[in-house]
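# Remarks on the overall topology
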Amino acid sequence: MSGLSTEESAIFPNGPRKVSATEECVGPMRLTQEPIQVLLVFAKEDSQSDAFWWACDRAGFRCNIARTPESAVECFLDKHHEIIVIDGRHSRYFEPEAVCRLIRATKPSENTVILAVVPQKPPDQDEPSVLPLLCAGFSRRFVENSSVSACYNELIQIEHGEVRCQFKLRACNSVFTALEHCQEAVEITSEDHIIQYVNPAFERMMGYHKGELIGKELTELPKSDKNRADLLDTINTCIKKGKEWQGIYYARKKSGDSIQQHVKITPVIGQGGKIRHFVAIKRPHIDNNNQVHKFNKEERCSGEHSQSECHSLRHRDRRKDSIDARSLSSRGSDAPSLQNRRYSSVARIHSMTIEAPITKVINIINAAQESSPVTVAEALDRVLEILRTTELYSPQLASKEDDPHTNDLVGGLMSDGLRRLSGNEYVFCKNMSQSQLAIPVTLNDVPPSIAEMLNDEECWEFNILELEAATHKRPLTYLGLKIFTSFSVCEFLNCSEATLRSWLQLMEASYHSSNSYHNSTHAADVLHATAYFLRKERVKGSLDQLDEVAALIAATVHDVDHPGRTNSFLCNAGSELAILYNDTAVLESHHAALAFQLTVRDSKSNIFKNIDRNQFRTLRQAIIDMVLATEMTRHFEHVSKFVNSINKPMAAIEETSTSSMNSDCDSQANIRNSPENRLLIKRMLIKCADVANPCRPLELCIEWAGRISEEYFAQTDEEKRQGLPVVMPVFDRNTCSVPKSQISFIDYFITDMFDAWDAFASLPGLMEHLSENYKYWKSLDEMKCKSLRPPPPS
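Residues numbered from 1 in each chain as written. Predicted model: local features only at pLDDT ≥ 70, side-chain atom pairs only at ≥ 80, totals over all residues. Heavy atoms only, no water.

Within an unreviewed UniProt entry, the label attached to the chain reads Phosphodiesterase, and the organism entered is Seriola dumerili. Recorded in UniProt under Pathway (unreviewed entry), the annotation for the chain is "Purine metabolism; 3',5'-cyclic AMP degradation; AMP from 3',5'-cyclic AMP: step 1/1." (UniProt positions renumbered as here; feature names shortened; annotations may be inferred.)

Here you go:
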């Protein structure tokens, strides 16, 4: 490549201009851009490609060269160039229009300027139309000229013209993102007072949806009659002069109520030096004196209500004080009672300005102690010791020697695992590829053998392992299509079956098929159990369709990208995820976050793309809450809250109600349908679905027990290899008793939870399976058998 010509050296005596960044002010905002990136798409190197290369060097631009359409697209997706120059002189190498269309088909290209290099035409030929190039997606054309100065001038014009405009447009996205999330209501109108934009805070304040406002004149909206008559004229006179107006103004909400606002209206000068827009920033005007009085009054009312409610619940508890998280009748298990557990009392509650309910309870007991006999005061001291703990719902076990299987399960599943940190990083690979997937075109095109299996999907005895084999380890997509269709999920989300299918494929591909247990078959199994529970009469009567859709989605994604290792392992290994989530609910936080990241990344698989923003927020919150509920550290809290908030009050109504049957049903429905209790029901539902293996038919129960044991064995093997703390020592493949581990798991986690869930949802079949499976594991243990099945008769 040649250097600068004499003419060019004269223009730039100090050599090529180097630009480290482009800086520009847009109002009060400074936009800083890294050096412009240019992609040259030339099949062959010649004087024209050389000229553009040296022109980029002179301008301080960063330059890449691609020789084929494929490498051009790949390079562009990697670098996101601001300018692309495509050689359009020699169609024998590639069609420039086709290359341009390929690049324009990618999302980042919307802010890219694409330049076509066209051949010079003889003087006697007409100038060709530029329309075909524009239709293909080109922004400009450049007539072949191998002078570095000509190429330099073209690039500089593009930088100062289109590139800077596109840069400002990109910056606008950030500005509007800020507006979307700011707390103050913002309304932007044109110079003619036609509404151009309102942010979510404005929608919330005024009760309108933006679709009802944008394009309307302000005069079309109802006005409050609380403003003084000349206020509007005063405001208009001020802002038309280009001055800012600020003051108190009454607006009328969609409901018809008037709201007093503090308003600031700023005129925006635009093209031609004229006012082109008005920006109004609004917030509720608060009269502090009245507001304090109002809050105090509300607090007193709240206190009176709570006292009355407590009194009522106290009587209910007397009627049904035998029901709690651990005293429900145990079926198929002789689990030890909760009273024998020790409670930790490390963290005492300090005095707080705003009292929490537990603080109020402690204060009441403290007051009662002052006038109590010594024996009562001492008993209350023991009560206070229990209440002043951060682990109210986490029973403590006796020594390891008493029950090592249970102790290891609890240590592995219910702690953060931070026995000691290691420098070893545990990194797991993400299985995101979908290239091997062969998916039915529609639900109707499912192979007959698989369709026949799916006919039994509503039965609890449905064999998910047969579906796993028939679908080549891809049961989640097929079962998901069937279940989501039966619950009308596509209709609720307003998305096509093709979008749902792509989403199910994406989620399934994001599970690790190499895991023996936490793979897409487990997700399909949990989805099946979730759908089964949702069809139960009392569950169905407690939840609305949004709850059902949230539960099905949560079940589908609840273990997505699971590495086949526990939270304790990840924390001990100092993994990136543990660091990211501060050693707290590491995997569950990752499952929920990744599910949404993957879903919204591509429109083809974004099942949420057509739903209303507020509905999406509600649905998203419900899904996240359910996925986080599968984390085991709060197991007893979730079960205890469910029993005490739902089972106990409903049982009390059944036992003591003397009124009519209808009134009885209404009272129970009121308990079930409150927002707080619906939350508890959804948490309990997915928790039970997640660990329902011991309640499956015996053959399925045995297979799942083998799979989870293998995963724990593999973890123990790796902990020993890496020199990490062994989280669950009993899960050593050479010494472990699988029956003992299953017995401990059922005793400690399963029996009471499913007793409570059965009392609510009525699941006699499941409880029979649980009892039979428990007896099976007991019989193996009594035979001193450590494997999944008894030894063959000799």
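Back to the write-up after that little detour.
## Considerations on the overall build of the chain
Check the secondary structure of the chain and you find 30 helices and 12 strands. Residues classed as buried in the chain amount to 47% of the 794 residues present. Carbon together with sulfur atoms contributes 52% to the accessible area of the chain, which is approximately 39800 Å² in total. (Helix = DSSP H or I, 4+ residues; strand = E, 2+ residues; numbered from the N terminus. Buried < 20%, exposed > 50% of the residue type's maximum accessible area, 1.4 Å probe, protein only. Areas by Shrake-Rupley, 256 points an atom, 1.4 Å probe, with all protein chains shown as cover.)

## Focus: the pairing of strand β3 (residues 37–41)
The buried fraction of β3 amounts to 5 of the 5 residues, a majority that puts the element mostly inside the structure. Going residue by residue along β3, you find Q37, L39 and V41 tucked away on one face and V38 and L40 tucked away on the opposite face as well. Relative to strand β4 (residues 62–66), β3 runs parallel, the two sharing 5 bridges. Within β4, the residue paired with V38 across the bridge is C63. By the bridge criterion, 4 bridges tie β3 to strand β5 (residues 83–87) in an arrangement that is parallel. For V38, the partnering residue across the bridge sits in β5 and is I83. (Pairing = 2+ DSSP bridges.)

## Side note on a nonpolar patch on the surface
Together, V130, L131 and L134 line one region of the surface with nonpolar side chains, adding up to about 250 Å² of accessible area. Examined against the element boundaries, L134 turns out to sit in helix α5 (residues 131–136). (Patch = residues over 30% accessible without salt bridge, like charges linked within 9 Å, V, L, I, M, F, W, Y side chains within 5 Å. Salt bridge = Lys/Arg side-chain N within 4 Å of Asp/Glu carboxyl O.)

## Things to note about helix α30 (residues 764–782)
The first and last C-alpha atoms of α30 sit 27 Å apart over 19 residues, in line with the 27 Å expected at 1.5 Å per residue. Among all positions of α30, only L766, M767, H769, L770, S771, N773, Y774, Y776, W777, L780 and D781 are buried. The elements touched by buried residues of α30 are α18 (520–534), α28 (698–722) and α29 (738–761). Where α30 terminates, the next one or two residues include K784, which has phi positive at roughly 60°. (Expected span 1.5 Å × (residues − 1). Contact = heavy atoms within 4.5 Å.)

## A short note on the nonpolar core
Counting residues in hydrophobic clusters, the biggest one holds 117 residues, and the most contacted among them are L493, F533, F754, W757 and W777. Here this core takes 13 residues from α29, the largest share from any one element. (Core = buried A, V, L, I, M, F, W, Y, C linked by side-chain atoms within 4.5 Å.)

## Comments concerning the environment of L788
Positionally, L788 belongs in the segment after α30. Judged by its relative accessible area of 25%, L788 is partly exposed. It is 10.0 Å that separates the C-alpha atoms of L788 and Y776, two residues lying 12 residues apart in sequence. Contact partners of L788, with chain neighbours within four places excluded, come to I702, A705, G706, V738, Y776, W777 and L780.

## What about the sheet that holds β5?
Taken in spatial order, the 5 strands make up an open sheet running β4-β3-β5-β6-β7, and their pairing is parallel. Of all strands in the sheet, those with a lone pairing partner are β4 and β7 (140–143), marking the two edges. Within this sheet the neighbouring strands show an average axis-to-axis angle of 20°, counted without direction. Inspection of the sheet shows strand β6 (residues 113–118) paired to β7 by 4 bridges, in the parallel sense. Residue pairing across strands places L115 opposite R140, the latter belonging to β7. Helix α2 (residues 47–59) contacts β3, β4, β5, β6 and β7 of the sheet and is inclined by roughly 175° relative to β3. Here helix α4 (residues 96–104) sits on the sheet in contact with β3, β5 and β6, set at roughly 155° to β5. (Axes fitted to C-alpha atoms, helices over the stretch in contact; angles between N-to-C directions.)

## A look at the UniProt feature "binding site: AMP" (unreviewed entry) in the chain
What UniProt calls "binding site: AMP" (unreviewed entry) maps, in this numbering, to H518, N519, S520, T521, H522, D559, D690 and Q742. Along the chain, H518 turns up in the loop between α17 (497–509) and α18. Classification of H518 by relative accessible area gives buried; the value is 13%. Once residues lying within four places of it in the same chain are set aside, the contact partners of H518 are Y511, H512, D559, H562, I708 and E711. Of note, T521 is situated in helix α18.

## Comments concerning the sheet that holds strand β10 (residues 245–252)
The strand order β9-β8-β12-β11-β10 describes an open sheet built from 5 strands, whose pairing is antiparallel. Two strands bound the open sheet, and with one partner strand each, they are β9 (195–198) and β10. Each strand axis lies, on average, 30° off the axis of its neighbour in the sheet, ignoring direction. Sheet analysis places strand β11 (residues 258–269) next to strand β12 (residues 275–284), joined by 9 bridges and oriented antiparallel. If you follow Q261 over to β12, its bridge partner there is P284. Here helix α8 (residues 231–240) sits on the sheet and contacts β10, β11 and β12; the angle it forms with β10, its principal contact strand, is near 140°.

## Details of the environment of Y748
When you line up the elements, Y748 lands in helix α29. Here the alpha-carbon distance between Y748 and T406, two residues 342 residues apart in the chain, equals 7.2 Å.

## Things to note about the confidence of the model for the chain
Per-residue confidence for the chain gives a mean pLDDT of 81, with 79% of residues at or over 70. Segment residues 288–354 is flagged for pLDDT under 50; beyond a separation of four residues in sequence, or across chains, it makes 80 contacts in the model. Long-range and interchain partners of residues 417–438, a stretch whose pLDDT sits below 50, account for 63 contacts in this model, where long-range means more than four residues apart. (pLDDT = per-residue confidence, 0-100.)

## Here's the deal with the packing of aromatic side chains
Evaluated as defined, the whole model comprises 22 aromatic pairs. Arranged with centres 5.2 Å apart and planes meeting at 75°, the rings of F176 and Y197 form a pair that is edge-to-face. Residue F176 is located in helix α6 (residues 148–181), and its partner Y197 is located in strand β9; the two are separated by 21 residues in the primary sequence. Under the relative-accessibility criterion, F176 is labelled partly exposed at 36%. (Phe/Tyr/Trp six-rings, centres within 6.5 Å; stacked < 30°, edge-to-face > 60°.)

## Things to note about the packing of helix α20 (residues 545–557) against helix α24 (residues 613–629)
Relative orientation of the contacting elements α20 and α24 amounts to 50°, with a least axis distance of 9 Å. Our classification of the angle between α20 and α24 gives oblique. The handedness of the crossing between α20 and α24 is right-handed. Contacts between α20 and α24 pair L546, V549, A550, A551, I553, A554 and V557 from the former with Q615, T618, L619, A622, I623, M626 and V627 from the latter. In the contact of α20 with α24, the residues fall into 12 nonpolar, 2 polar and no charged. (Parallel < 35°, antiparallel > 145°, perpendicular 65-115°, else oblique. Left-handed = near helix turned anticlockwise from the far one by under 90°. Nonpolar A, V, L, I, M, F, W, Y, C, P; charged D, E, K, R; others polar.)

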